Amino acid sequence: MPLPKALRQQVVDYILRDIAPGKAPGQKPMEWFLDRFAFVDNTTLQKHLAEAFYQARLNEKTREALGLKKDFNNVFVKTQIVLYASIYEALIDHALEKSKTDAAVAALLKQEFFSLVPALSGASELTFKEAGTTHKVVSCKKKTRTQHLKEIQFKDRLAAAILIGFVEAANQQELEALYTSRNKIHILAAAADDFKPDGQQSSKAFQNLFAFLEHAKAFFQPTNP
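Rules of the game
- Residues numbered from 1 in each chain as written.
- Predicted model: local features only at pLDDT ≥ 70, side-chain atom pairs only at ≥ 80, totals over all residues.
- Heavy atoms only, no water.
- Salt bridge = Lys/Arg side-chain N within 4 Å of Asp/Glu carboxyl O.
- Buried < 20%, exposed > 50% of the residue type's maximum accessible area, 1.4 Å probe, protein only.
- Helix = DSSP H or I, 4+ residues; strand = E, 2+ residues; numbered from the N terminus.
- Core = buried A, V, L, I, M, F, W, Y, C linked by side-chain atoms within 4.5 Å.
- Phe/Tyr/Trp six-rings, centres within 6.5 Å; stacked < 30°, edge-to-face > 60°.
- Expected span 1.5 Å × (residues − 1).
- Bend = angle between axes of the 7 residues up to and from the residue.
- Contact = heavy atoms within 4.5 Å.
- Axes fitted to C-alpha atoms, helices over the stretch in contact; angles between N-to-C directions.
- Parallel < 35°, antiparallel > 145°, perpendicular 65-115°, else oblique.
- Left-handed = near helix turned anticlockwise from the far one by under 90°.
- Nonpolar A, V, L, I, M, F, W, Y, C, P; charged D, E, K, R; others polar.
- Polar contact = N/O pair within 3.5 Å; in protein donor to acceptor, adjacent residues only side chain to side chain.

For the coordinates displayed, the defined rule picks out 16 salt bridges. Across the salt bridge formed by D18 and R17, the nearest N and O atoms sit 3.3 Å from each other. On the basis of relative accessibility, which here comes to 34%, the residue D18 falls in the partly exposed class. Under the relative-accessibility criterion, R17 is labelled exposed at 54%. A salt bridge links E89 to R182; the shortest N-O distance between them is 3.1 Å. Here E89, found in helix α4 (residues 74-98), pairs with R182, found in helix α7 (residues 172-184); they are 93 residues apart in sequence, far enough to count as distant. Each member of the pair E89 and R182 is classed as buried. Within this structure, E89, D93, K150, R157 and R182 form a network of salt bridges that share partners.

With that out of the way, let us pick up unusual backbone geometry. Within the chain, K70 stands out as a residue other than glycine whose phi angle is a positive 45°. Tracing the backbone through its elements, the reader meets K70 in the loop between α3 (43-66) and α4. On the basis of relative accessibility, which here comes to 76%, the residue K70 falls in the exposed class.

Looking now at the nonpolar core. With 50 residues, the main nonpolar core has Y84, L91, I92 and F166 as its most contacted residues. Taken together, the elements giving at least two residues each to this core come down to α2 (29-36), α3, α4, α5 (103-109), α6 (154-163), α7 and α9 (199-220). At 10 residues, α4 tops the list of elements feeding residues into this core.

Here we come to the packing of aromatic side chains. Taken as a whole, this structure holds 18 aromatic pairs when the rule is applied. For the pair F33 and F53, a centre-to-centre distance of 5.1 Å together with 75° between the ring planes defines the contact as edge-to-face. Taken together, the residues F33 in helix α2 and F53 in helix α3 connect sequence positions 20 residues apart. For F33, a relative accessible area of 0% puts it in the buried group. Owing to a relative accessible area of 0%, F53 belongs among the buried residues under this scheme.

Moving on: α9. In this model, α9 (22 residues) spans 31 Å end to end at C-alpha, consistent with the 32 Å of a helix rising 1.5 Å per residue. At L209, α9 is deflected by roughly 35°, the largest bend along its length. Those residues of α9 that fall on the buried side of the exposure criterion are Q201, S202, A205, F206, L209, F212, L213 and A216. Contact partners of the buried residues in α9: α2, α3, α4 and α7.

It is the contact of α2 with α3, at a shortest axis distance of 8 Å, that shows an interaxial angle of 125°. The angle between the axes of α2 and α3 places the two elements in the oblique class. The two elements α2 and α3 cross, and the hand of that crossing is right-handed. Touching P29, M30, W32, F33, L34 and R36 of α2 are Q46, K47, A50, E51, F53, Y54 and R57, all from α3. Its residues placed into classes, the contact of α2 with α3 shows 8 nonpolar, 1 polar and 4 charged.

Now for the environment of V117. Take V117: it is sitting in the loop between β1 (110-116) and β2 (126-130). Owing to a relative accessible area of 27%, V117 belongs among the partly exposed residues under this scheme. V117 sits 73 residues away from A190 along the chain, and the two C-alpha atoms are 43 Å apart.

Here the side chain of R182 touches E89 through a polar contact of 3.1 Å, side chain to side chain. If we ignore the near neighbours within four places in the chain, the residues touching R182 are I81, V82, A85, S86 and E89.

Time to look at the side chain of N73. With respect to the secondary-structure elements, N73 resides in the loop between α3 and α4. For N73, the side chain forms a polar contact with the main-chain oxygen of L68, separated by 2.7 Å. Setting aside anything within four residues of it in sequence, one finds N73 in contact with R63 and L68.

Written out as structure tokens, the structure reads:
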């Protein structure tokens, strides 16, 4: 059963008061969040980015309103890490998709692999010995394929984003650390490293997002000289 309406309204008023920093008078919070991603030409992506940012802020203001201590805050911090890491990743991948003809992105997407080809008769076989073990030698040819971005490790996508100028090199270390923390939230990964979410990391991810979005806007909507 929910708390009394008057008490709930007091909490909601507190959360919504500063959920959208810099919101203009009369502007709805979601309008403010959508404006942060106005440079994104995919309206569905823009909406989901805005909702993720909104939910991250809602999560933080709720944590702040409750005033819980230490480990009681873990769920709030974990959620924010996931949401902020996802926002950064989505924008980086969007920029890479838009820049597929760039040499750095083309090289990122290109994958070389070996494909088996029959070069001997069915009764023939080549082998060699190494450290007392016999290995079969097979014939193959080198081929290339175009990978999907999601098949490529984030650190490599991030490096390509830096090469095309979408991400500033000074942000590389913090973005890699944020993405690593996001992956460690999975229970088995968290247990393996005894991972504990860092509230300072989620706060820094929020603070850095504003400059990141300004840089992204300049990338997608360069000012004419």
